[in-house]
Amino acid sequence: MKAVILCAGLGTRLLPYTERIPKCMVPVANKPILFYLLTKLVQTGVEEVAVVVHPSQEQITTYLRKCTLPLKITIFYQAERLGIAHALRAAEEFIGAGPFILLLGDNLILEPLESLCARYRTAKDLAGVLLLYEVENPSEYGVAEVEQGRVFKLVEKPAQPKSPYVVAGAYLLPQEIFTAIKKIRPSARGEYEITDAVQFLIDEGHSFGYVLTDLSYVDVGTPKRWLLANHQMLVANYQSRVAIGANCKFDNVKLLPPVVVGDNVMLSNASVGPYVTIGSEAEIMNCELSETICLSETKLDNVTLTEDILAPWSIGLNTAKERMINDD
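Only a predicted model underlies this, so the values are computations on that prediction, with no experimental measurement involved. (Residues numbered from 1 in each chain as written. Predicted model: local features only at pLDDT ≥ 70, side-chain atom pairs only at ≥ 80, totals over all residues. Heavy atoms only, no water.)

Student: Help me understand the packing of helix H1 (residues 33–44) against helix H2 (residues 58–65) in this model?
Tutor: Helices that pack against each other are described as a pair by the angle of their axes relative to one another and the distance between those axes. Packing of H1 against H2 leaves a shortest axis separation of 11 Å and a crossing angle of 40 degrees. As judged from the angle between their axes, H1 and H2 are oblique. With respect to the hand of their crossing, H1 and H2 are arranged in right-handed fashion. Every residue of H2 that contacts H1 at Leu-34, Phe-35 and Leu-38 is listed here: Ile-60, Tyr-63 and Leu-64. Among the residues forming the contact of H1 with H2, the class breakdown is six nonpolar, no polar and no charged. (Axes fitted to C-alpha atoms, helices over the stretch in contact; angles between N-to-C directions. Helix = DSSP H or I, 4+ residues; strand = E, 2+ residues; numbered from the N terminus. Parallel < 35°, antiparallel > 145°, perpendicular 65-115°, else oblique. Left-handed = near helix turned anticlockwise from the far one by under 90°. Contact = heavy atoms within 4.5 Å. Nonpolar A, V, L, I, M, F, W, Y, C, P; charged D, E, K, R; others polar.)

Now the structure itself:
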């Protein structure tokens, strides 16, 4: 089975961070979101993956060309950002025949993708399988209405959702999805929606099953969700541990796990943690940090931060908090 990862989005709700970092490259526990998606595919047994990017996203292509995971990676381009389904069309020739896995480049999931494959194999009448997750605010997502183990309706960001279940950024889709994409029209927001394409196939008589996961899932689309993803990935991968990179210098430092520190970091007179990641080349002095992400090369002196994201360029303190208020 092949796979496609879509990474061409702008990430406007993560501005100003995504002015310099593509959304799929924002670090979670000091690794890009894209790393976790590629690793998930390797664990599932996928050997070939297409990654769809915008021509301007050179950071992504550079990262992929240096990737050492056992994957054959082919890069495709979406020149116009016209939605998820439109981006997927770029990889049509790559897919060829047979079902494939589709992942969205800004979604972190802990559910093994093998559960989608197993669901597909055990039900001979299924055209595809969707990963679903129950949320409190389904109107922000693609909502799935289900009945007797099947998805019978998909609606993108409905004002009044009829179900608490949302598509968690992972799909097992048939080759016929490309026919559907060519027949659907742009949505009210001017995009070709993957939910509309799947709904087209459902209306044509194709049956889609689902896997309802109770493991963590985060659409890393806002600063609040970015911090939540960082928290959850630290819990999942580090629990009560501290991970420290190479050539770090500490002086009078208290670490409250889980904490991840990159390479060449200087810490002095600081209390760090819990749930903090610090990127490489950072300098932190006279600070107290918790539930915080410090990007590489960030320099801090004499501040106390909780639930914040710091960057080395011109972003003031509490930027994330201000944007979180707007999100709410």
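Further notes follow.
Student: Hey, could you run me through the state of the cysteines in this one?
Tutor: Put plainly, two cysteines are in a disulfide when a covalent bond ties their sulfur atoms together. One pass over the structure, following the stated rule, counts zero disulfides. Of all cysteine sulfurs in the structure, the one in Cys-24 sits closest to Cys-7, which takes part in no disulfide; the separation is 3.7 Å. Left without a disulfide partner, Cys-67 is nearest to the cysteine sulfur of Cys-7, which lies 12 Å away. (Disulfide = S-S within 2.5 Å.)

Student: Any chance you could explain the environment of Tyr-120 here in plain terms?
Tutor: Locating Tyr-120 in the fold gives a position in helix H5 (residues 114–122). For the pair Tyr-120 and Leu-173, spaced 53 residues apart in the sequence, the C-alpha separation amounts to 9.9 Å. What Tyr-120 contacts, discounting residues up to four positions off in sequence, is Pro-99, Leu-126, Ala-127, Gly-128, Val-129 and Leu-172.

Student: Please explain the environment of Asn-237 as it appears in this structure.
Tutor: Position of Asn-237 among the secondary structure elements: in helix H8 (residues 223–237). Sequence spacing of Asn-237 and Glu-193 is 44 residues, and the spatial spacing of their C-alpha atoms is 33 Å.

Student: Just to check I follow, could you spell out the packing of aromatic side chains for this structure?
Tutor: We describe a pair of aromatic rings using the distance from one ring centre to the other and the angle between the two ring planes. Inspection of the entire model under this criterion finds four aromatic pairs. Between Tyr-17 and Trp-226, the ring centres sit 5.3 Å apart and the planes meet at 90 degrees, which makes this aromatic pair edge-to-face. Of this pair, Tyr-17 sits in the loop between strand S1 (2–6) and strand S2 (27–28) while Trp-226 sits in helix H8, and the two are 209 residues apart along the sequence. Given the relative accessible area of 0%, Tyr-17 is considered buried. Relative to Phe-178, the ring of Phe-100 lies with its centre 5.7 Å away and its plane at 20 degrees, an arrangement referred to as stacked. (Phe/Tyr/Trp six-rings, centres within 6.5 Å; stacked < 30°, edge-to-face > 60°. Buried < 20%, exposed > 50% of the residue type's maximum accessible area, 1.4 Å probe, protein only.)

Student: Even after reading the chapter, I still don't get unusual backbone geometry, so can you show me in this structure?
Tutor: A cis amide bond, omega 5 degrees, links Leu-15 with the succeeding residue Pro-16. Position of Pro-16 relative to the elements: it lies in the loop between S1 and S2. Look at Asn-269: it is not a glycine, yet its phi comes out positive at around 50 degrees. Here Asn-269 lies in strand S17 (residues 266–272). Positioned with a positive phi, Tyr-275 is a non-glycine residue whose angle comes to about 60 degrees. Along the polypeptide, Tyr-275 turns up in the loop between S17 and strand S18 (276–278). Residue class for Tyr-275 comes out partly exposed when judged on its relative accessible area of 23%.

Student: Could you clarify how one ought to interpret the nonpolar core in this entry?
Tutor: Generally speaking, soluble globular proteins have nonpolar side chains that are buried together. Judged by nonpolar contacts, the single largest core of 60 residues is most densely connected at Ile-5, Leu-34, Leu-41 and Trp-226. For this core, the element with the most residues is H1, which contributes six residues. Membership of the second largest hydrophobic core comes to 34 residues, among which are Val-52, Val-151, Val-167 and Phe-208. (Core = buried A, V, L, I, M, F, W, Y, C linked by side-chain atoms within 4.5 Å.)

Student: In this structure, what is going on with H1? I would like to understand it.
Tutor: Compared with the 16 Å implied by 1.5 Å per residue over twelve residues, the 17 Å span of H1 between its first and last C-alpha is a close match. Among the twelve residues of H1, nine are classified as buried, and the element is accordingly described as predominantly covered. What H1 keeps buried is the set Ile-33, Leu-34, Tyr-36, Leu-37, Leu-38, Thr-39, Lys-40, Leu-41 and Thr-44. Positive backbone phi, at 95 degrees, marks Gly-45, one or two positions downstream of H1. (Expected span 1.5 Å × (residues − 1).)

Remember, this is a structural readout, not a statement about activity or role.
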